[in-house]
Amino acid sequence: MIAAASARERRERALRLILPIVVLVLGLAVWELVVRLKDIPPYALPGPGLILRTLKTDWAVLSESLLVTLTTTFEGFLLAAAGGVGLAVLFNQSRLVEYSLYPYAVILQVTPVVAIAPLLLIYLPQQAAVLACAWIVAFFPVLANTTLGLNSVDRNLTDLFSLYGASRWQKLWRLKLPSALPYILGGLRIAGGLSLIGAVVAEIAAGSAGAGSGLAYRIAESGYRLNLQRMFAALLLLSVAGIVIFYLLTLINYLSLRRWHESALEAER
Amino acid sequence: MPSALPPLSTPLVALRGVGKVFPSGTRALAGLDLEVRAGEFVTLLGPSGCGKSTALRIVAGLSEPTQGAVAWPQAAALPHGTSRIGFVFQEPTLMPWASVFDNVLLPLRLKGSSASEAAERVDTALGRVGLQEFVRAYPRELSGGMRMRVSIARALVTEPQLLLMDEPFAALDEITRFKLNDDLLRMWQALRTTVVFVTHSVFEAVYLSSRVVVMAARPGRLFADLAIDVPYPRDGNFRTSSEYAALCRRTSEALAQAMAAGGET
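A quick note: this is a predicted structure, and the numbers were derived from the prediction, not measured. (Residues numbered from 1 in each chain as written. Chains lettered and ligands numbered in written order. Predicted model: local features only at pLDDT ≥ 70, side-chain atom pairs only at ≥ 80, totals over all residues.)

Visitor: Tell me about the domain arrangement of chain A, and please be specific about residues and values.
Guide: Structurally, chain A comprises domain 1 (1–39) and domain 2 (53–264). For domain 1 of chain A versus domain 2 of chain A, the distance between C-alpha centres works out to 33 Å. (Domains from an automatic or database assignment.)

Here you go:
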């Protein structure tokens, strides 16, 4: 019975891995075939083969841009993490600060960043404006999740801390923040992808040339030049970057929570 | 009607005319007079809503009475820096992110001890509940009974004068519960501490206590005060004795009267 169940499980897991790959290969094959059979020119639709070759031939330009975008994303993410958690802690400690500032955090969140970016570019140096965009998009989920986490502390544990005369600081450091950790990590996982989006939006809005330009700028620039294979190559890199960021944060989440939190525990029964 | 015991010595803690009205208007307690003397094992027994837990929280200082007061007549005799009270909740209430060691260390750490200073005391407390080999484990890795033991070790690590327990074994199976009952009595005797215990169970109350306080509901108040004059140590023989059965019957009758007096349930 158990052997049969585990064999079925293994087959299930293999299918999960293989099926998307099959779909990918089939899709690419059809794409390549259509491009070749219909003789579609690259400026209309480049085939996957050409895109991969472009990735190789243009690697010098593209990798430099990738690094720029990733740096912005990473910095925006760190600022969002620090800002989101910091603000949530501040709100948690002081109702007055929360009432004063929370509405503005919401406004920043609901106003589309595409619309804010051009203004930021007027008032801030380009690099700072791009970073500000990444931050604005990414900090809110961290703030919202951390706030939820800080307010979800076990009430009996709170009583216990009071009983032993815990200071405000001890309650925050030894009780509230550890309780909120799963929520904070959930917020960070969302923020990782969003800071990449924020960076890309700002780069496109900035649209200036030069050595220090990111992948999004490469996409816009290649579009003007009808260099579609490079557009696709850059897009591919952005996707891969997004996937890597997501899985890295998932891994961090797992490593930090695996000993104690339900979300990270393996089904063992 | 069973009569209240006369005070033998200065009480450790005394509730005098304690009343509690919640902001919602619910009268949880009214005019509760209760004295607990050092070394007693007192159980508060009563139907849900009779204010047992509220009374316990008031003794712990987690809730303020709206009438009356809590007095600690012997407070001056307390050695400096010790914690007066240990509290065990119905749930183990452990920090899931912390190891067993860190959970038991918590009360000492909150008082400013470092882990190395307190290690020996944590070890002793875990030894008392028989969990020394599990110091590095996380709560999630333990059974319900073991988690409750950790919770008890945490309450005992400060060697409190008074141990307050709010239905600590209600969620456990009967086998585990009996085992923990016996272990608790052993620890109570070894540490010469005082216990105020809350339960729904007549059988548990009679088995454990030197005194059972039966409470009535709406509003919560003291209904009967029964001495369980059976010498300790008590064990399985006591559990099956006719004396135990008689005491349980007497306590059940008092409880039934208390419930009748508390109006419809």
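There is more to say, and it comes next.
Visitor: Got a sec to walk through the sheet that holds strand β6 (residues 162–166) of chain B? Specific residues and values, please.
Guide: All names here are of chain B. Read across the sheet, six strands follow the order β5-β6-β7-β3-β8-β9 without closing on themselves; strand pairing throughout is mixed. Only two strands of the sheet have a single neighbouring strand rather than two, namely β5 (85–88) and β9 (221–227). Strand-to-strand twist in this sheet, taken as the mean axis angle between neighbours without regard to direction, amounts to 20°. Strand direction decides the pairing type here: strand β3 (residues 41–45) and strand β7 (residues 194–199), joined by five bridges, are parallel. Along β7, the bridge assignment pairs L45 with T199. (Pairing = 2+ DSSP bridges. Helix = DSSP H or I, 4+ residues; strand = E, 2+ residues; numbered from the N terminus. Axes fitted to C-alpha atoms, helices over the stretch in contact; angles between N-to-C directions.)

Visitor: Lay out the interface of chain A and chain B in plain terms, naming residues and giving numbers.
Guide: How big an interface is tends to be stated in terms of accessible area lost as the parts join. Facing 18 residues of chain A, the contacting portion of chain B comprises 16 residues. In terms of residue class, the side of chain A that touches chain B is made up of 10 nonpolar, five polar and three charged. (Contact = placed C-beta atoms within 7 Å. Nonpolar A, V, L, I, M, F, W, Y, C, P; charged D, E, K, R; others polar.)

Visitor: Lay out the nonpolar core in plain terms, naming residues and giving numbers.
Guide: Within the largest apolar cluster, 83 residues are counted, with the highest numbers of intra-cluster contacts made by A153, V196, V214 and M215 of chain B. Residues within four places of M215 of chain B in sequence aside, it is in contact with L44, L45, G46, C50, G51, K52, G220, R221, L222, F223 and A258 of chain B. Membership of the second largest hydrophobic core comes to 55 residues, among which are F77, A80, L120 and A233 of chain A. (Core = buried A, V, L, I, M, F, W, Y, C linked by C-beta atoms within 7 Å. Buried ≥ 20, exposed ≤ 12 C-beta atoms within 10 Å, placed from the backbone.)

Visitor: Lay out the pairing of strand β1 (residues 13–21) of chain B in plain terms, naming residues and giving numbers.
Guide: All names here are of chain B. Across six bridges, β1 lies against strand β2 (residues 27–36) in antiparallel orientation. In the sheet register, L15 faces β2, and the bridge partner there is L34. Taking the residues that link successive antiparallel strands as the turn, the β1-β2 hairpin has five residues, and the phi of G25 there is positive, at about 100°. Here β1 pairs with strand β4 (residues 67–71) via four bridges, running antiparallel. Residue R16 lies in a different strand from β4, and its bridge partner there is A69.

Visitor: Lay out the confidence of the model for chain B with the relevant residues and their values.
Guide: Residues and elements named next belong to chain B. Across chain B, pLDDT averages 89, with 92% of residues at or above 70. Counted against residues more than four places away or in other chains, residues 1–7, with its pLDDT under 50, gives 10 contacts. In the predicted assembly, ipTM is 0.88 and pTM is 0.85. (pLDDT = per-residue confidence, 0-100.)

Visitor: How would you sum up the sheet that holds β1 of chain B? Please name residues and give values.
Guide: Residues and elements named next belong to chain B. Across the sheet, three strands lie side by side as β2-β1-β4; this open sheet has antiparallel pairing. If you trace the sheet from one side to the other, it starts and ends with β2 and β4, each paired once. For this sheet the average axis-to-axis angle between neighbouring strands, irrespective of direction, equals 15°. Contacting β1, β2 and β4, helix α1 (residues 52–60) crosses the sheet at an angle of about 120° to β1.

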